[in-house]
Amino acid sequence: GGGAAAAVGGMPLLQQGAAGAGGETDNGTYKWSQTEEEVELKFAVAKGTKSKYAKVNFSRQKIKVTVAGTTLVNGKTGGDYVVDESTYTLQDDPGGNGRELCITLGKADASNWPYPIEVE
């Protein structure tokens, strides 16, 4: 975890784009949301899914997510992110219908991403 996040230059936040900062968008495969600091992706996975079944390949402008041998997404990200500031966790779904793979990408800058992952 980083320190306290400070607003840059005291400028007001402007919402823009399909998924503005803080808004969660469900595009079928996953849900996503973003802030100035990070992008969060949430994938619903099967109840018995264990952490060792989930593989996330982070690289500067790409991400590949594989669960139990099935590739969920593989493509370019909507912006640059810092691999060392990106993590993923597997947790029980709040609704109790299975589990949730939650991926956090630490943004390289505060720009708004128009989309999280470009699907081929």
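Bear in mind that the values here come from a model prediction, so they are computed numbers and not experimental data.

Asks: Where do I start with the pattern of salt bridges in this structure?
Replies: Pairing is possible between side chains that carry opposite charge, provided their charged atoms lie close to one another. According to the stated counting rule, one finds three salt bridges in the structure shown. Note that aspartate 80 is salt-bridged to arginine 60, the shortest N-O span being 2.7 Å. In this pair, aspartate 80 is assigned in the loop between β6 (70–77) and β7 (81–92) and arginine 60 in the loop between β4 (54–59) and β5 (62–67), connecting sequence segments 20 residues apart. Looking at aspartate 80, the relative accessible area reads 24%, which means it is partly exposed. Note that aspartate 92 is salt-bridged to arginine 99, the shortest N-O span being 3.1 Å.

Asks: When you look at the nonpolar core in this model, what are you seeing that I'm missing?
Replies: For soluble globular proteins, the rule of thumb is that nonpolar side chains tend to be buried together. Residues Leu41, Phe43, Ile63, Val65, Leu101 and Ile103 are the most contacted members of the largest nonpolar core, which totals 19 residues. Looking at this core, the elements with two or more residues in it are β3 (38–45), β4, β5, β7 and β8 (99–107). Among the elements that make up this core, the one with the highest residue count is β3 (four residues). If we ignore the near neighbours within four places in the chain, the residues touching leucine 41 are Tyr30, Lys31, Trp32, Ile63, Leu101, Cys102, Ile103, Pro116 and Ile117.

Asks: In this structure, what is going on with the packing of aromatic side chains? I would like to understand it.
Replies: Here the distance between the centres and the angle between the planes together describe a pair of aromatic rings. Applying the stated criterion across every chain, the model contains three aromatic pairs. Taking the centre distance of 6.2 Å and the plane angle of 75 degrees together, the rings of phenylalanine 58 and tyrosine 81 count as edge-to-face. Taken together, the positions of phenylalanine 58 in strand β4 and tyrosine 81 in strand β7 put the pair 23 residues apart, joining distant regions of the chain. Here phenylalanine 58 and tyrosine 88 contribute two aromatic rings whose centre-to-centre distance is 6.4 Å and whose plane-to-plane angle is 50 degrees, an arrangement assigned as tilted. You can see phenylalanine 58 sitting in strand β4 and its partner tyrosine 88 sitting in strand β7, a full 30 residues away along the chain. Among the residues examined, tyrosine 88 registers a relative accessible area of 33% and is labelled partly exposed.

Reading the values: rules and limits
- Residues numbered from 1 in each chain as written.
- Predicted model: local features only at pLDDT ≥ 70, side-chain atom pairs only at ≥ 80, totals over all residues.
- Heavy atoms only, no water.
- Salt bridge = Lys/Arg side-chain N within 4 Å of Asp/Glu carboxyl O.
- Helix = DSSP H or I, 4+ residues; strand = E, 2+ residues; numbered from the N terminus.
- Buried < 20%, exposed > 50% of the residue type's maximum accessible area, 1.4 Å probe, protein only.
- Core = buried A, V, L, I, M, F, W, Y, C linked by side-chain atoms within 4.5 Å.
- Contact = heavy atoms within 4.5 Å.
- Phe/Tyr/Trp six-rings, centres within 6.5 Å; stacked < 30°, edge-to-face > 60°.

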